[in-house]
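# Overview (structure and organization)
Single-letter residue listing:
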Amino acid sequence: MLDIGYIRDNQELVRQTIKKRKMQVDLDLLLDLDQKRRQLIQKIDELRAGRNQLSSEIPQSSADEKKQKIAQVKEIKLELEELETEYASIEQQYIKLLKDVPNLLSPDVPAGED
């Protein structure tokens, strides 16, 4: 399986390989899913960091601040659940498409049916 970074950097070469192998792989969809996936990972990581920061501040807070921070943590938790569900769906499609991308052909392999 090819590395997604390599595919991003060498799109034309990968497209030629797909064409030479007479395969049907939607490379544009794969790259789009990759971009969405990376954005979701970043957003999920940021939300987790924010949640962890708020959680660590709760013990030192006053009673009113505790209630407010606990409510914020709950909101973040709900948002994380939605994003993680979306991420799981995208990841499943992404992995399937990534597995469909063929390995590159060696330049000295002759063109032909076999």
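As a starting point, this report considers the structure included with it.

Criteria and thresholds
Residues numbered from 1 in each chain as written. Predicted model: local features only at pLDDT ≥ 70, side-chain atom pairs only at ≥ 80, totals over all residues. Heavy atoms only, no water. Core = buried A, V, L, I, M, F, W, Y, C linked by side-chain atoms within 4.5 Å. Buried < 20%, exposed > 50% of the residue type's maximum accessible area, 1.4 Å probe, protein only. Helix = DSSP H or I, 4+ residues; strand = E, 2+ residues; numbered from the N terminus. Contact = heavy atoms within 4.5 Å. Axes fitted to C-alpha atoms, helices over the stretch in contact; angles between N-to-C directions. Parallel < 35°, antiparallel > 145°, perpendicular 65-115°, else oblique. Nonpolar A, V, L, I, M, F, W, Y, C, P; charged D, E, K, R; others polar.

A few words now on the nonpolar core. The biggest cluster of nonpolar side chains holds 24 residues, and the ones touching the most others in it are Ile7, Val14, Leu27, Leu30 and Val101. Looking at this core, the elements that each hand over two or more residues are helix H1 (4-9), helix H2 (11-20), helix H3 (27-57) and helix H4 (63-100). Residues within four places of Val14 in sequence aside, it is in contact with Leu2, Ile7, Leu27, Val101 and Leu104.

Below, the discussion takes up the packing of H2 against H3. Contact geometry for H2 and H3: axes closest at 11 Å, N-to-C directions at 140°. Considering the angle they form, H2 stands oblique to H3. From H2, Gln11, Val14 and Arg15 reach across to H3, where they touch Leu27, Asp28 and Leu31. For the contact of H2 with H3, the residue count by class is three nonpolar, one polar and two charged.

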